[in-house]
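Geometric and topological summary
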Amino acid sequence: MIGQKAVTAFRWTALAEAVSYLVLLGIAMPLKYVWDMPLAVRIIGALHGALFVLFCLTLASAMRAGKWSLGRGVMLFAASLLPFVPFWLDRRVKAWAEEAA
């Protein structure tokens, strides 16, 4: 049960981090560079940075609790660097959460 909770926490964090990344790239960056409004990048960038740190912590926790391999962890970390990929991987991570139960 603890493993499933850790993986579920990771899933929610990964999705929140992915959304913040898309908001940073799709809204805040154009506001800064097209309309000269850098405040959006400061705010969304700080939020995204905090979520990324939380993502890394929950990934480590899920790896430990679910007994995931280093390769799986590296794949999930790399996926967080690419827009939209975390959404695509969410179903697979959900299956891993069920395995950990």
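Everything here concerns the structure above.
The sections below set out a description of the structure shown in this document. Residue positions are given per chain, counted from 1 along the sequence in the order it is written. Owing to the predicted nature of the model, reporting of local features is limited to residues with pLDDT of at least 70; listing and counting of side-chain atom pairs is limited to 80 or more, with chain, interface and lining totals taken over all residues. Only hydrogens and water are set aside when side-chain values are computed; all heavy atoms of the structure are taken into account.

**Considerations on the packing of aromatic side chains**
Aromatic contacts are taken between Phe, Tyr and Trp rings whose centres are within 6.5 Å, Trp giving its six-membered ring; a plane angle under 30 degrees counts as stacked, one over 60 as edge-to-face, and the others as tilted. Tallied over the entire structure, the rule returns five aromatic pairs. Ring plane angle 45° and centroid distance 5.3 Å describe the contact between F10 and F55, whose orientation is recorded as tilted. Taken together, the residues span a long stretch of sequence, with F10 in helix 1 (residues 2-33) and F55 in helix 2 (residues 39-66) at a distance of 45 residues. Taken as a pair, F10 and F55 share a single burial class, namely buried. Judged by centre distance (6.0 Å) and plane angle (20°), the rings of F52 and F55 are stacked. Of this pair, F52 and F55 both sit in helix 2, separated by three residues, roughly a single helical turn. According to the relative accessible area criterion, F55 is buried, its value standing at 2%. Among the aromatic residues, those joined into a ring-pair cluster are F10, F52, F55, W68, F77 and W96. Placement of a positive charge over a ring is assigned whenever Lys NZ or Arg CZ falls within 6 Å of the ring centre and within 35 degrees of the normal to the ring plane. A cation over a ring is seen here: R72 above W96, with NZ or CZ 3.8 Å from the ring centre. Helix and strand definitions here come from DSSP, where helices need a minimum of 4 consecutive H or I residues and strands a minimum of 2 consecutive E residues; each element is numbered from the N-terminal end. Exposure is judged per residue with a 1.4 Å probe applied to protein chains only, and the accessible area is read against the type maximum: over 50% gives exposed, under 20% gives buried, and values in between give partly exposed.

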